[in-house]
Amino acid sequence: MVIFVDMDEVIADTYGAHIEIYNKQFSENLTLELCNGNEVWRMVPPERQQSVRDHARNRGFFRNLKPIKNAQEILRKLNEKHEVYIASAAMQFPNSLEEKSDWLDEHLSFIPWQNRILCGHKHILLGDVLIDDRSYNLEKFDGRTLLFTSPHNIKTTGFERANNWLEVADKLL
């Protein structure tokens, strides 16, 4: 199988990073549980929303993300059995292309640069499976789709869901 895997909120924890940066910047105690079903920026006072939206524009944001639990191990196993590509929107924020590439070198070095697609729209991808946290990326994909659970999408329906990487392994290994 040809499997495409998104980065942000699927293998790299952008959601948690937004909360961590916000809490540090404003001495707050925002939690994942308080944000469930929403984007982080919507769960802060209006005068702070732009600050949260701008996190991804700050140098180091993408480079310093933590891997999502079990992502590295399961992706290594998937890569041994299937053709795995990392497909991430990397053109929206000025630093993200370089930082995502460096992040992949460190955390998923077994996925060669030739199997990294840092792009805009994902509807151009042709393959068997797309794992993504954004339903709009899955809607136009002509193959099997797995909605990877992230706090922002817990209310999204209509897609086969994988709540974590162990569930991805059960479905694809």
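Residues numbered from 1 in each chain as written. Predicted model: local features only at pLDDT ≥ 70, side-chain atom pairs only at ≥ 80, totals over all residues. Heavy atoms only, no water.

Caption draft 1: Expanded view of the packing of helix α4 (residues 71-81) against helix α7 (residues 165-172). α7 packs onto α4 with a crossing angle of 15 degrees between their chain directions and a minimal axis gap of 9 Å. On the basis of the axis angle, α4 is roughly parallel to α7. In this structure, the crossing between α4 and α7 has a hand that is left-handed. Touching Ala71, Ile74, Leu75 and Leu78 of α4 are Trp165, Leu166, Val168, Ala169 and Leu172, all from α7. Here the contact of α4 with α7 is composed, by residue class, of 9 nonpolar, no polar and no charged. (Axes fitted to C-alpha atoms, helices over the stretch in contact; angles between N-to-C directions. Helix = DSSP H or I, 4+ residues; strand = E, 2+ residues; numbered from the N terminus. Parallel < 35°, antiparallel > 145°, perpendicular 65-115°, else oblique. Left-handed = near helix turned anticlockwise from the far one by under 90°. Contact = heavy atoms within 4.5 Å. Nonpolar A, V, L, I, M, F, W, Y, C, P; charged D, E, K, R; others polar.)

Caption draft 2: The pairing of strand β5 (residues 144-148), seen in detail. Counting buried positions along β5 gives 4 out of 5 residues, so the element sits mostly inside the fold. Pairing of strand β4 (residues 129-132) with β5 involves 4 bridges; the strand directions are parallel. Residue Asp132 lies in a different strand from β5, and its bridge partner there is Leu147. By the bridge criterion, 2 bridges tie β5 to strand β6 (residues 161-162) in an arrangement that is parallel. (Buried < 20%, exposed > 50% of the residue type's maximum accessible area, 1.4 Å probe, protein only. Pairing = 2+ DSSP bridges.)

Caption draft 3: Representation of the nonpolar core in the model. Grouped together as the largest cluster of nonpolar side chains are 33 residues, with contacts concentrated most on Val5, Ile11, Ile131 and Trp165. Ignoring any residue separated from it by four or fewer positions in sequence, one finds Ile11 in contact with Val5, Asp6, Lys66, Pro67, Ile68, Ala71, Leu75, Ile86, Trp103, Leu104, Leu108 and Trp165. Judged by nonpolar contacts, the second largest core, of 9 residues, contains Phe4, Ala87, Leu125 and Leu138. (Core = buried A, V, L, I, M, F, W, Y, C linked by side-chain atoms within 4.5 Å.)

Caption draft 4: Spotlight on the packing of helix α1 (residues 14-26) against helix α3 (residues 46-53). One can describe the packing of α1 onto α3 by two numbers: an axis separation of 10 Å at closest approach and a directional angle of 125 degrees. With respect to α3, the element α1 is oriented oblique. Read as a crossing pair, α1 and α3 show a hand that is right-handed. Listed contacts from α3 to His18, Tyr22, Gln25 and Phe26 of α1 are Arg48, Ser51 and Val52.

Caption draft 5: Quick look at the sheet that holds β5. Here 6 strands make up an open sheet; going across it, the order is β3-β2-β1-β4-β5-β6 and the pairing parallel. A single partner strand is all that each edge strand has here, and the edge strands are β3 (116-119) and β6. On the sheet, helix α5 (residues 96-107) packs against β2 (83-89) and β3 and is oriented at approximately 160 degrees with respect to β3.

Caption draft 6: Spatial organisation of the packing of aromatic side chains. For the structure shown, the criterion picks out 6 aromatic pairs. Here Phe61 and Phe62 contribute two aromatic rings whose centre-to-centre distance is 5.1 Å and whose plane-to-plane angle is 90 degrees, an arrangement assigned as edge-to-face. Look at Phe61 and you get buried, because its relative accessible area is 6%. We classify Phe62 as buried; its relative accessible area is 4%. Three or more aromatic residues joined by ring pairs form one cluster here, namely Phe4, Tyr85 and Phe141. Over the aromatic face of Trp41 sits the side chain of Arg53, whose NZ or CZ is 4.0 Å from the ring centroid. (Phe/Tyr/Trp six-rings, centres within 6.5 Å; stacked < 30°, edge-to-face > 60°. Lys NZ or Arg CZ within 6 Å of the ring centre and 35° of its normal.)

Caption draft 7: Geometry of the pattern of salt bridges. As enumerated under the stated definition, the model contains 14 salt bridges in all. Between Asp132 and Lys122 there is a salt bridge; the shortest N-O distance is 2.7 Å. Pair noted here: Asp132 is in strand β4 and Lys122 is in the loop between β3 and β4, with a separation of 10 residues, a long-range link. The same class applies to Asp132 as to Lys122, namely buried. Between Glu160 and Arg144 there is a salt bridge; the shortest N-O distance is 2.7 Å. Taken together, the residues Glu160 in the loop between β5 and β6 and Arg144 in strand β5 connect sequence positions 16 residues apart. (Salt bridge = Lys/Arg side-chain N within 4 Å of Asp/Glu carboxyl O.)

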